[in-house]
Structure formats: structure tokens, C-alpha cells
Amino acid sequence: MRPSDLAREHGLSTQAVRNYERDGFIPAAERTDSGYRIYTEVHAAALRAFLALVPAHGHSAAGQIMRALHADAPDNAPADAPGNTPADALDDALTIIDRGHHQLLRDRETLDAVRRAVDHLVAEAGTTSAAGRPTGAGRSTSVGRSTGADRRTIGELAHRLQVTPATLRTWENAGILTPARDPLTGYRLYRATDVRDAELAHLLRRGGYSLDHISTVVGQIRTAGGTDILSDALDDWRRRLTARGLAMLDAATHLSHYVRLLDRDPRARSTRP
């Protein structure tokens, strides 16, 4: 096969194919006496596997997986030297794939946790509305300085969540909370959206999620706006996770076929011409 043959199947340029070879995403091609590249079905399978891995694991991880499969021994090392066997190469590639599956699982768990938290907030808002009072009315306001139903002090919010004010400051430093400040006193004032973010953070924190992870999730929620818009965003998030999961299945099929070809022709592992 010529570079144009591989490129045509995927709508790529021949330069892109050469770049993938240069970067180790496909094995090195043999050359004719005149220097032209000669590609085989092994190269075609490698290109299909790489391009299938990109939507499943991302471009960077896809490249790492292919380079791991093509990792060979240094020029002067024996082929069976420790750390240079095909089994080692496959283990390295599978480890990267495992990380991708683990991340997808965590994303699904986070999505479910956020969905439950949003449903809880909506239900709570409906309950308090039906009772004829704003959310939070009837709760103790003896902690801290009361600022009305629409604003809470750090002490009031800490009391609501049964956490310490220091915890709320830590969440603020992590970017999870962004309270306003009283222009006269400089005290923190937590609005309804801040309370929502704190409720979500509290739930996710109990679920064992890191502050960095929670900050990312709450940031997405804050960008989405209210719960109606957020519901649409969560639906879109679920669709994207489903698409990634299906892409992983497709990538696994192509990669498995390619690995079997490598087993039949170990020489194809080399990324050096």
C-alpha cells in the first residue's frame, strides 16, 4: 500500500499518515530502493485502531497506547531483555486503557451524584414553597449574623450543613464557593446559588470526591445557570458519556484485531525503519 491508500480510507492527507508514523502511532514502513514507503495491512489496522482510540480515550492517551504497543528494545539490547517484551508492551497499553475506563466510571458516578443532588434541591424548594415560606425559613439563625432569607452568613451556612466555617473557607479557596462580601463589614454573604453549590459540594465530599474534582463539577453547574438549564446540561453530559463508552467498545474491537496481527508479525512493532 502507498500512503495515499491509507489516507483515502479515513479522509486524511498523506502528510498526516507520515506524521502518525513519525510519532509512533503506526509502525515504521519499509522502503523501496528508491525510498518510497511500503505499507501493509498491519499499518492499515494500526491506523484504524489509533483513529478509533481518539474519541474513546483522547488524542494524547490514544498516542500513548499505540506507542506502548510499538515500544521495542534499545538498539543494542536483546529482544527478550526485561521491560522490552511484547507482554510488557501490552501491559503498558492496557494500563492506559484501564485508566480511561476508570475515569469514565468516576464521571458516571459524579453525574449520578449531581443528578441526585439537583433532584433533592428541586424537591426541597417545592416543599418549602408549598409551605408558604422561602427555602431555609424556620431553620435556626442564632449562629452568626442574620441577613434575611436570601443571604446567609458563613456561620448560618455552616450550621445548615453541619460543617465548620473553616470548611467553607477551604471550599472557597478551592474555587467551589464564591460568596459575595458585605460592602460595609467585608463579611461573606452566601446567596441562594452559593447555598446550592455548598449543598452539592457537601454531598460530593461525602462521596469521597476530591476538592479539585468537586470544583470542576460545581463550576459546570454554575455555568449552566438554574436547575432547568442544568437538567439539560446533565442530559447532554450523559449523552457524551454514553458516546465515549460506545467509542471505547469500538476502539477495543479495532485494537484487539491489531494486537493479533502484531502477534503474528512481531517485526511490525518497531517504529524504526
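Residues numbered from 1 in each chain as written. Predicted model: local features only at pLDDT ≥ 70, side-chain atom pairs only at ≥ 80, totals over all residues. Heavy atoms only, no water.

(A) Seen up close, the overall build of the protein chain. Counting its regular elements, the protein chain contains 10 helices and 4 strands. Reading the secondary structure of the protein chain in the N-to-C direction produces α-α-β-β-α-α-α-α-α-β-β-α-α-α. For the protein chain, long-range pairs separated by at least 24 residues make up 59% of all intrachain contacts whose partners lie at least 6 apart in sequence. Of the accessible surface of the protein chain, which amounts to about 14,800 Å², a share of 53% is contributed by carbon and sulfur atoms. (Helix = DSSP H or I, 4+ residues; strand = E, 2+ residues; numbered from the N terminus. Contact = heavy atoms within 4.5 Å. Areas by Shrake-Rupley, 256 points an atom, 1.4 Å probe, with all protein chains shown as cover.)

(B) Quick look at the environment of tyrosine 190. Mapped onto the elements of the fold, tyrosine 190 is located in the loop between strand E4 (188–189) and helix H8 (192–206). Judged by relative accessible area, tyrosine 190 falls into the buried class, the value being 1%. C-alpha of tyrosine 190 to C-alpha of leucine 157: the two residues are 33 residues apart in sequence and 7.6 Å apart in space. Excluding anything up to four places from it in sequence, tyrosine 190 contacts Asp150, Arg151, Arg152, Thr153, Ile154, Leu157, Leu168, Glu172, Leu177, Pro179 and Val195. (Buried < 20%, exposed > 50% of the residue type's maximum accessible area, 1.4 Å probe, protein only.)

(C) Molecular detail of the packing of helix H1 (residues 3–10) against helix H3 (residues 41–57). Two elements in contact, H1 and H3, have axes separated by 11 Å at closest approach and are oriented at 35°. In this structure, H1 crosses over H3, and the sense of that crossing is right-handed. Where H1 approaches H3, its residues Leu6, Glu9 and His10 are matched on the opposing element by His43, Ala44, Leu47, Arg48 and Leu51. Class assignment of the residues belonging to the contact of H1 with H3 gives a composition of 4 nonpolar, 2 polar and 2 charged. (Axes fitted to C-alpha atoms, helices over the stretch in contact; angles between N-to-C directions. Left-handed = near helix turned anticlockwise from the far one by under 90°. Nonpolar A, V, L, I, M, F, W, Y, C, P; charged D, E, K, R; others polar.)

(D) How the structure looks around the confidence of the model for the protein chain. Taken over all residues, the pLDDT of the protein chain has a mean of 81, while the share at 70 or more is 78%. Per-residue pLDDT stays below 50 along residues 73–83; that stretch engages in 9 contacts with residues further than four places along the chain or on separate chains. Overall, residues 133–147 carries pLDDT values under 50, and its contacts beyond four positions in sequence, including any with other chains, amount to 30 contacts. (pLDDT = per-residue confidence, 0-100.)

(E) Geometry of the side chain of histidine 202. Assignment of secondary structure puts histidine 202 in helix H8. Its relative accessible area of 17% is what places histidine 202 among the buried residues. What histidine 202 contacts, discounting residues up to four positions off in sequence, is Leu161, Val163 and Trp171.

(F) Just the nonpolar core, in detail. Counting residues in each nonpolar core, the largest one holds 63 residues, and the members touching the most others are Met66, Leu69, Leu168, Trp171, Leu255 and Tyr258. Broken down by element, this core gets its largest block of residues, 11 residues, from helix H10 (residues 227–264). (Core = buried A, V, L, I, M, F, W, Y, C linked by side-chain atoms within 4.5 Å.)

(G) Representation of the side chain of histidine 57. Summarising the element assignment, histidine 57 is placed in helix H3. Under the relative-accessibility criterion, histidine 57 is labelled buried at 17%. Dropping the residues within four chain positions of it, histidine 57 is found in contact with Ile65, Ile97, Gly100 and Met248.

(H) Region of the structure containing the packing of aromatic side chains. Following the criterion strictly, the structure yields 3 aromatic pairs and no others. Taking the centre distance of 4.5 Å and the plane angle of 20° together, the rings of phenylalanine 25 and phenylalanine 50 count as stacked. In this pair, phenylalanine 25 sits in the loop between helix H2 (14–22) and strand E1 (30–31) while phenylalanine 50 sits in helix H3, placing the two residues 25 residues apart along the sequence. Each residue in the set Tyr20, Phe25 and Phe50 is aromatic and connected to the rest through ring pairs, giving one cluster. (Phe/Tyr/Trp six-rings, centres within 6.5 Å; stacked < 30°, edge-to-face > 60°.)

(I) A look at the pattern of salt bridges. According to the stated counting rule, one finds 16 salt bridges in the structure shown. Note that arginine 22 and aspartate 23 form a salt bridge whose closest N and O atoms lie 3.0 Å from each other. We note a salt bridge from aspartate 236 to arginine 240, for which the minimum N-O separation is 3.1 Å. Here aspartate 236 pairs with arginine 240, and both are found in helix H10, just 4 residues apart, close to one helical turn. (Salt bridge = Lys/Arg side-chain N within 4 Å of Asp/Glu carboxyl O.)

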